[in-house]
Each structure stands twice: as C-alpha cells, then as structure tokens.
Amino acid sequence: MTSRWLIFAAVIVGVVCGPNFTAAGDIAGLQAKLAASGASWTAGETSMSHLTPAQMREFLTLDLDLPDNWEEYLENSLRYEPPRDIPTALDWRDMDGEDFSTPIKNQDPCGTCQTFCFMAATESLLKIQQGNSFIQPDLSEQHVYSCDGPIPYTLFHPAIYMVSNGAADEACMPYNCDTGYRQPCDEKCGDWSVRSLKISDWKMYMFPNPETIKGLLQYGPIVAGFQVFADFQNYTGGVYEHVEGGILGGHGVAVFGYGEDEGGGYWICKNSWGTNWGEDGWFKIRWGSGLLGFGYQSMSIAVTDESLCSQNAAPTISQLVALNDEAALAGGEAPRIVFDYADVNANLAGGELWYRYGDGAEQRYEAPLTECVGVAAAGDKSEYVLAAPASGGETLSVWVRDTCGADSNVLTLDLGGETGDDDAATDDDATGDDDASVDDDGADSGDDDDDDDGACCG
C-alpha cells in the first residue's frame, strides 16, 4: 500500500505544480537557462511557441491517472525479461538503411494524441510485418477517435478498438479537427470493416525500467505517455530534459528507438505536432525525464498477418493509357502513363506500382502510390513517368501491389501506341476489369466504372 500512496502523491504534486507556467514566448530566457544548466537540447521558435497554456492543454488531454488493474500492469513490467544481447542503440527509421516509419502528422488542437501515436506505431508495424520499408500505409485517426468510446483520452481506448474493429485507411474517414466537436462515428465510409487493419493484442507496462522498453522495441515501435512541461513547446533538437515551466498535460507519442550520448540514455520518439516542431516532428528525450518518468505508462502492440490483412482484397486497375505519342514510344522514350483503379478496401494507398518491358525484369516505380488515380478524379489522374525501356517497340505490362502485398490484375500496352485492358477487346468482367459501358456494380465488387465516389484512396 505504501508504494501505491507514493504514486498517488506524485500525481497530486504534478497537478499542484501545473499552474506555475513559464511564458512560452520567452525563448531567449529559456535559451540562457539551457546554456547555464549545460542541457543537451536547443530551444527556438516552433509551431507551438505562440500557444498559451490553455491552448496547449487542447493538445495534451491524455489521462495518465493510475488505471484500473494498475498492479497487474506493474507486474508486467517486473516480470518482463528482455531479449539477450540487444543492441546498444536502435532506430526503426534506420534499420540497415531502411526506414520503417511513416510521415509525421499533425493532430492540430484536438485531444487525439493517444490515437495518433497508436496509428503511428501500427503503420510502422505493418511495414515491419511485411518486411517492406517502401510502402507508406496511412490509417485513419478520425475513424478510431470517433468510434472508440465516449471519452477516448487513454491509451486503452484505441488499443481495445483496434483489436475488435481495426482502423480503416485515411480516405475512409479523413481527419477533421474542430475544437469542441467530435465527428460522429457513423460518418465513416460504408465499407470500413473490409478496409480496416486490426492489431492482434496489446500489453500495458506501468513504470517500466529502460531495459524493459529497450526489449520491447526490438520488435517494433511502442506507445508511451508522459507529462509535458511548458519548455517542451520550444524544443528544436537534442535530448530533451525539463529545465523550466510547469506541467501542461499528458501526452502520448510513439517510441521508435533509443541511444546514448555523454549525458546518458535517451528515447527516440515520433510526435504528432507537424514538422515545424522539434527535429522535423521527432524528438529525443532523456530516460526517466519528467515528474513520474517518461513512459511510465507504456504499451506494446502485437500484429500478425491475420490481424492486419485477413480482410484484404486485391486491387483492380483499368484503362491504362500512355500520354506520349506513338512515334515517341516507338523511339524508346520513357512512357508517361495514367490509369484508373478501384480498390475495394483502399489499402492501395501507400502501395507500389510495378512494371515490366517485354519479358524483362520487374521494376518498381520510384515512390509509393499516394496520389489519387481513380475514376472519381477523372480528368485529373496522376501521371507516372516510368524508366525508359532498353529498346523501342516492346510491350509494357503494369500492375499495382497494395500495402498487404496483394497484386492487382496486369494491364498491357504496346509501346507503338495501342492501349489494352486485362481482358483485351471484349468485356467479360471476369477479373474485375473496369471497361464496361454499363453499370455492373451489383455483379463485380471491384469495378468502379460509373457512379461510386470511393475510387480514390490516397
């Protein structure tokens, strides 16, 4: 009982200290204190510097009170045995030159940090599970935030929802932060259930020691909660430690790795405040930093192929067209192509474009598929400039692969200028092609040739 009361006392101290804020605008004063203290981080003007304490609290709504069953979660930490011979440093943004992170996002002034950090970790866990650092999955924070319960301000809310329901892609329910308003759950796309990726399990750790967190990070990013102080608004780089200012609120982030410098160990974290804060949206923080220690509530996330991709269906593409003239193509000019696609679960967003000349080797387009190419954007399709063929007059084959690794049908194009779909001149709808002159939505779940508005997934 003694330890429990000590923990509660620490939480109470944090609440009492909260109003003693340092003005975020006094950056010069903070810089002087950093220099005097020998701190290993820098302060400057950021996208958060101008916000008042009240405005900052709109970003910092994570409830870090002791949860029910906290003794069980403490036991998880005490019983955990990390793997042997773990590396002295780890960063999932650079694993032998491969980056398993996804782009930094911005939660805006909404209490959605717990959802953003959970999606950040899950997106990266998909890349790790697939063994593919190239793809860029983009899950819908709005979907989970709007649907995971009446007061989603703990790490448990997205965890429980993600096991039972999963998260659809961003296009299913785009993020809409409007302070004081929470978009209703029923505004998500109608086919959200077949577009969603689930996690298989989660596990909470209360007051874990650094070795526990380092051990968990060997399998992928985790999520963690900590108390944010006023000086954190002006963080621009280095290893953060609290220098001045009171507590503004609780915050959730994704932890991607760890390292050490002359000042000791630190965590590498992904924030959700955009790229104009911190180290392009990222930060490092000293082990144990803060009133109760960074990550005193931490959660690991487990995923499997079954949980992530069991509902996935292969995408369908159609209407491959080269924008070059016939003479240019025949002369070996690099094809500039457009095409349509209809993906029944929209996991194509962040996927791959593949192509081959004749019987040559497969080649992957240089960037993930993040732009709209569906018929809903007719007249404004994305254009892809492929590498030039070794010689003119060959056949070009094109297909796409979604973030779960499923390949579409293959479309072919004669580089003399002829276009073709996957079933040649006649339309039989046998493979989900998309060249029918009539609406066949009732018979072909993959088509997208006339009247739906869900073709664009990124």
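Refer to the structure above for everything that follows.
Residues numbered from 1 in each chain as written. Predicted model: local features only at pLDDT ≥ 70, side-chain atom pairs only at ≥ 80, totals over all residues. Heavy atoms only, no water.

*Asks:* An account of the packing of aromatic side chains is requested, with residue identities and associated values reported.
*Replies:* Each aromatic ring pair is specified by the distance between its two centres and by the angle formed by the two planes. Within this structure, the stated rule accounts for 28 aromatic pairs. Note on Phe 59 and Trp 273: the rings are 6.3 Å apart at their centroids and 75 degrees apart in plane angle, and the pair reads as edge-to-face. Note that Phe 59 is positioned in the loop between helix 3 (53–57) and helix 4 (70–79) and Trp 273 in the loop between strand 7 (264–270) and strand 8 (282–286), a separation of 214 residues in sequence. With respect to burial, Phe 59 and Trp 273 carry one shared label: buried. Ring plane angle 85 degrees and centroid distance 6.5 Å describe the contact between Tyr 235 and Tyr 240, whose orientation is recorded as edge-to-face. The same class applies to Tyr 235 and to Tyr 240, which are both buried. Ring-pair connections join several aromatic residues into one group, and the members of that group are Trp 41, Phe 59, Phe 226, Phe 232, Tyr 235, Tyr 240, Trp 273, Trp 277, Phe 283 and Phe 294. The ring of Tyr 145 carries the charged tip of Arg 182 above its face, separated from the ring centre by 5.1 Å. Above the plane of the ring of Phe 134 lies Arg 364, whose end atom (NZ or CZ) is 3.8 Å from the centre. (Phe/Tyr/Trp six-rings, centres within 6.5 Å; stacked < 30°, edge-to-face > 60°. Helix = DSSP H or I, 4+ residues; strand = E, 2+ residues; numbered from the N terminus. Buried < 20%, exposed > 50% of the residue type's maximum accessible area, 1.4 Å probe, protein only. Lys NZ or Arg CZ within 6 Å of the ring centre and 35° of its normal.)

*Asks:* Before we move on, could you go through helix 7 (residues 156–164) and cite the residues and values that matter?
*Replies:* Along helix 7, the residues classified as buried are Phe 156, Pro 158, Ala 159, Tyr 161 and Met 162. If you follow the buried residues of helix 7, they end up packed against helix 4, helix 5 (113–130), helix 6 (141–147), strand 3 (201–206) and strand 9 (297–302). With its phi angle positive at about 85 degrees, Gly 166 sits one or two positions after the end of helix 7. (Contact = heavy atoms within 4.5 Å.)

*Asks:* An account of the nonpolar core is needed here, citing residue identities and associated values.
*Replies:* Counting 46 residues, the largest nonpolar core has Phe 232, Trp 267, Phe 283 and Phe 294 as the members making the most contacts within it. The element that contributes the greatest number of residues to this core is strand 6 (residues 247–261), accounting for 7 residues. Not counting residues up to four positions away in its chain, the partners in contact with Phe 294 are Ala 224, Gly 225, Phe 226, Val 253, Val 255, Trp 267, Cys 269, Ile 285, Arg 286, Gly 288 and Ser 289. The next biggest cluster of nonpolar side chains, apart from the first, holds 34 residues, and it includes Cys 117, Leu 126, Leu 139 and Ile 301. (Core = buried A, V, L, I, M, F, W, Y, C linked by side-chain atoms within 4.5 Å.)

*Asks:* Please provide a residue-by-residue account of the environment of Thr 102, values included.
*Replies:* Along the chain, Thr 102 falls in the loop between strand 2 (90–91) and helix 5. On the accessibility criterion, Thr 102 (3% relative accessible area) is buried. Polar side-chain contacts of Thr 102 include one of 2.6 Å to the side chain of Glu 123. (Polar contact = N/O pair within 3.5 Å; in protein donor to acceptor, adjacent residues only side chain to side chain.)

*Asks:* Pulling in residues and values, what's your account of the state of the cysteines?
*Replies:* In this structure the tally under the stated criterion is 4 disulfides. There is a disulfide in this structure between Cys 147 and Cys 185, and the S-S distance comes to 2.1 Å. Looking down the S-S bond of the Cys 147 and Cys 185 bridge, the torsion is 105 degrees, so its handedness is right-handed. With Cys 147 in helix 6 and Cys 185 in the loop between helix 7 and strand 3, this pair connects stretches of sequence that are 38 residues apart. Relative accessible area serves as the criterion here: at 15%, Cys 147 is assigned to the buried category. Residue Cys 185 is classed as partly exposed on the basis of its relative accessible area, which comes to 25%. With no disulfide of its own, Cys 117 has Cys 113 as its nearest cysteine by sulfur position, at a separation of 6.3 Å. By relative accessible area, Cys 117 is classed as buried at 2%. (Disulfide = S-S within 2.5 Å.)

*Asks:* Explain the pattern of salt bridges to me, using residue names and the numbers behind them.
*Replies:* Summed over the entire model, instances satisfying the criterion amount to 17 salt bridges. The partner of Asp 148 in a salt bridge is Arg 182, and the shortest N-O contact between them spans 3.9 Å. Note that Asp 148 is positioned in the loop between helix 6 and helix 7 and Arg 182 in the loop between helix 7 and strand 3, a separation of 34 residues in sequence. Taking relative accessible area as the criterion, Arg 182 reaches 25% and is therefore assigned partly exposed. Taking the shortest distance from any N to any O, the salt bridge between Arg 336 and Glu 383 comes out at 3.4 Å. On the criterion of sequence distance, the pair formed by Arg 336 in strand 11 (residues 336–342) and Glu 383 in the loop between strand 13 (363–364) and strand 14 (384–385) is long-range, its members being 47 residues apart. In this structure Arg 336 comes out as partly exposed when scored by relative accessible area, which is 28%. (Salt bridge = Lys/Arg side-chain N within 4 Å of Asp/Glu carboxyl O.)

In short, the description is geometric, and any link to function would need to be established separately.
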